[in-house]
Every structure is written in structure tokens, then in C-alpha cells.
Amino acid sequence: MDSAAVAALICPVCADEFVQPAPEGTALVCAAGHSFDRARQGYVNLLSGSGTHFLPDTADMVAARDAFLGAGHYDVLAAELAQTVLDGLAPEPAGREPLVVDAGTGTGHYLHGLHRAAAERAIPLHSVGLDISKFALRRAARANPGTANLVWDLWKPLPLAAGCADAVVVVFAPRNAAEFARVLRPGGRVVVVTPAPGHLAEIAAATGMLGVQPDKEEALTAALSGWFAPEGTRTVGYTLGLARAEVAAVALMGPAGHHLDAAELQARVAGLPETSNVTAAFRISEFRLLPRQEWAPA
Ligand SMILES: C[S@@+](CC[C@H](N)C(=O)[O-])C[C@H]1O[C@@H](n2cnc3c(N)ncnc32)[C@H](O)[C@@H]1O
Ligand SMILES: [Zn+2]
């Protein structure tokens, strides 16, 4: 993890900064001596000791997501998202480089695409990836070694300094509007990707993946409205040709993966044609942080 990313972090126990230099060290340690070990794979578990009641994605769910995303099925989305985030970065004051927080980074797939696109534009981007699943972060740390990849619960106060980030990216993950507002610099943005109506509709019933509900745009805007103004939305839609195993993977990698039975799923996809045409439909929504005096939390 690079030192600009570490500089954005605060200790979850006492909110102090972490002592530098930490990037290649074996632990993050704050001035008061609170210490968080860096896992062999490169991520840091900041939740250690405090626990959480959220259900992290399992190793099987993460493996399914990694295989599916790695096959390139959502690359169109990754490219559109990267363009949206980079186009929206405000000019930096002298000496400062942009920092993006990927909330619910998962396997780091979209953040990896963002860094690649930033490199093509010679933007010196730094990043923090937060996720509650250590299985996901093992892969994220491999995909994005310069990122501060942290096990954290997005519903807790974020282990990030106020005003440290230029953008928060949220791809199919929880949105903690108050905390996103706190960690963004003035004029910063939240870019949210949600499933749009019709997303994976052809296979939802066939796989028992009934948990996928498109987020209503109004609900998203309402949840962020005390701190953010909507700045535009666009949909990205196309048709995927998925083999049976890929249909199973896409079912397993989402929230339904927590309760789908693998054997039953195999039996269900066995009845599908060799290749299924499946709709991919996403919404990319941008929100700009309101000036602090206009914040009006619900
Ligand atoms: C559907 S996945 C999306 C992952 C990634 N953004 C992607 O699109 O590949 C949702 C992610 O949010 C994480 N997540 C769910 N609840 C969370 C929470 N309360 N705090 C942190 N991460 C959470 C899960 O572990 C999972 O990696
Ligand atoms: Zn501390």
C-alpha cells in the first residue's frame, strides 16, 4: 500500500493518524500504539477485536465473482465507471494527488480498472479499498498492491481522515452517506453503480436468484440527499452470452449466494440451453458533495 493511501487513514480506536513509514511494514501502528497486523496477502484487518454482525461474502461467493469478472463480462461497465470517476476529478491543489475510496471493493476488479485508466491519463491516483470480507480482500490486495485494502464495516465510522478523498466509488455495495460526506473533500463526489431494471432478469427465476432487486433511483437519491446533490445518471446495458457454469457463477456471486445451495443450483442450470442470452443493465449515478452549511441529514 502506498504512503499517500496510508496517510489518509486514521486509527479506528483513537482516530489518530498511523505512524509513517508504514507502507511495507508488517503492521499499521498509531501514535498511541494501537497496532493492526498486515496479513501475509497484503490487506489489513482494522476490525480485529471489534467484530461486526454483518455477513461477509464467503470464499465460494468471492471465487465465483473473481472468475466471472475476470472473464470480462462486466468490462464495459468497468471502463464507463473509470471514465466517469476520472472525468469528475477536480483539479488538485499543488502538492496533492487524488485519492479514491472504493466502498465494498470486493475483489478490487473495478478499482483495478480505474487505476489502469488513470495510468493511461498519467493521473497519479491513490486509493483505499474497504470490504468486510477478508476472502475478497486477499484478491483485492493482489489486484491492487498500492491500495490500502482494509477489512472494515461500512456502517461503522470509516477509518479515514475527514476531507481526505476526492471520490467515493460504490459498486453494488452499502452506502453510508454521512460517512462518505465526512471523508470527501469539498466538492468531492460519490459515484454509485446499481443494477438497473432488467439486469440478469432472464436468469433470476431460473437460478432462484430472487434477491436481486434493482435499487430505485429515487430511493438512492433520497438516501444521499442530506449531503449530496444528484449530478446525473446514465445506464449501461448490453447482452451477455453466458454458458451454464457462468450462469451459476453470476447467481453465486451476488447476495443470493448466501442462501443458494450449490447442488440445487447445478441442477437448475443443467436445464438451461448451452448459452443463455442475458441482459446486463447498470446505472451509474453521480452525486456532488454539498457545501457543509447546506448539509441537512434526515
Ligand atoms: C456484490 S459485492 C460487490 C463487490 C465489488 N464492488 C464488485 O462489484 O465486484 C458487495 C461487496 O460489499 C461487501 N459488503 C457488504 N456489506 C458490507 C459492509 N457492511 N461493510 C463492508 N463491506 C460490505 C461484500 O463483502 C462484497 O464484497
Ligand atoms: Zn490509535
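Cut-offs used in this document
Residues numbered from 1 in each chain as written. Chains lettered and ligands numbered in written order. Predicted model: local features only at pLDDT ≥ 70, side-chain atom pairs only at ≥ 80, totals over all residues. Heavy atoms only, no water. Salt bridge = Lys/Arg side-chain N within 4 Å of Asp/Glu carboxyl O. Helix = DSSP H or I, 4+ residues; strand = E, 2+ residues; numbered from the N terminus. Buried < 20%, exposed > 50% of the residue type's maximum accessible area, 1.4 Å probe, protein only. Near = heavy atom within 4 Å. Polar contact = N/O pair within 3.5 Å; in protein donor to acceptor, adjacent residues only side chain to side chain. Areas by Shrake-Rupley, 256 points an atom, 1.4 Å probe, with all protein chains shown as cover. Nonpolar A, V, L, I, M, F, W, Y, C, P; charged D, E, K, R; others polar. Arc of directions from axis to C-beta. Contact = heavy atoms within 4.5 Å.

Caption draft 1: Focus on the pattern of salt bridges. Applying the stated criterion across every chain yields a total of 13 salt bridges. For Glu-92, the salt bridge is made with Arg-185, and the minimal N-O distance between the two is 2.8 Å. Of the two residues, Glu-92 is situated in the loop between α3 (75-87) and β4 (99-103) and Arg-185 in strand β8 (residues 184-195); the sequence distance between them amounts to 93 residues. Owing to a relative accessible area of 23%, Glu-92 belongs among the partly exposed residues under this scheme.

Caption draft 2: A look at the site of ligand 1. Taken together, 19 residues surround ligand 1, and among them Gly-104, Asp-131, Asp-153, Leu-154 and Val-171 come closest. In the model, a nitrogen atom of ligand 1 is placed 2.9 Å from a nitrogen or oxygen of the Val-171 main chain. If ligand 1 stood free it would expose 590 Å²; the protein chains cover 91% of that surface. Split by residue class, the shell around ligand 1 holds 11 nonpolar, 4 polar and 4 charged.

Caption draft 3: Examining helix α5 (residues 134-143) more closely. Residues Ala-136, Leu-137, Ala-140 and Ala-141 constitute the buried set of α5. Buried positions in α5, seen along its axis, are confined to an arc of 135° and lie on one side of it. The inward-facing, buried residues of α5 contact α2 (59-70), β5 (126-131) and β6 (148-151).

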